[in-house]
Amino acid sequence: MSLIENAKKLRCDQTDAEQRLWYHLRAHRFLGLKFKRQKPIGGYIVDFVCHEHQLIIEVDGGQHQENAESDRRRDASLHLQGYRVLRFWNHDVLQRTEAVLEAIHLAVQPISSINPNEPDSPPPLGGGVRGEGVVEQRTPSPPTPLPQAGEGSE
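Model, not experiment: these values are computed from the prediction.

A. Spatial organisation of the nonpolar core. Leu21, Leu25, Phe35, Phe48, Ile57, Phe88 and Ile104 are the most contacted members of the largest nonpolar core, which has 21 residues in total. Those elements that place two or more of their residues in this core are helix H2 (16-25), strand S2 (44-50), strand S3 (55-60), strand S4 (84-89) and helix H6 (97-108). It is H6 that contributes the most residues to this core, 6 residues altogether. Each residue touching leucine 21, except ones within four places of it in the same chain, is listed here: Phe48, Ile57, Val59, Val93, Val100, Leu101 and Ile104. The next biggest cluster of nonpolar side chains, apart from the first, holds 7 residues, and it includes Ile41, Val49, Ile56 and Tyr83.

B. Quick peek at the packing of aromatic side chains. Throughout the structure, instances matching the rule amount to 2 aromatic pairs. Ring geometry for tryptophan 22 versus phenylalanine 48: centroids 5.9 Å apart, planes at 15°, classification stacked. Taken together, the positions of tryptophan 22 in helix H2 and phenylalanine 48 in strand S2 put the pair 26 residues apart, joining distant regions of the chain. For tryptophan 22, a relative accessible area of 15% corresponds to the buried category. The class for phenylalanine 48 is buried, based on a relative accessible area of 0%.

What counts as what
Residues numbered from 1 in each chain as written. Predicted model: local features only at pLDDT ≥ 70, side-chain atom pairs only at ≥ 80, totals over all residues. Heavy atoms only, no water. Core = buried A, V, L, I, M, F, W, Y, C linked by side-chain atoms within 4.5 Å. Buried < 20%, exposed > 50% of the residue type's maximum accessible area, 1.4 Å probe, protein only. Helix = DSSP H or I, 4+ residues; strand = E, 2+ residues; numbered from the N terminus. Contact = heavy atoms within 4.5 Å. Phe/Tyr/Trp six-rings, centres within 6.5 Å; stacked < 30°, edge-to-face > 60°.

Here it is, written out as structure tokens:
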């Protein structure tokens, strides 16, 4: 079966988690962005892609725990092609949909819209988002200088 034929089959056989996320991403519903699903890219079929932001979203079930090394190679290959990859577990998409959408929102935010004076915030799902290290991290605020001896003391 060709990659394109397999992608078409996968579009028909979506998991519940993929269906839930696709409901929010399709038809420019999410921030007006165009997402595609089950698209061949560089020899792989990715779950969702937004070409405008070079962002790939993968929704993973339990089988990915056993294929972690394969996923790392796949992500590295996609990264070399200019894409960022966010991975979410099925249960997070199904049970914490709003948090998943917030993590995606943070991933597509332009860097200039992030307030550099705002303190770093924890990862969006506190460890539930597999791709949390892939999202651009906020630039830490510069440290506040400590008063020198004799300064600020009366």
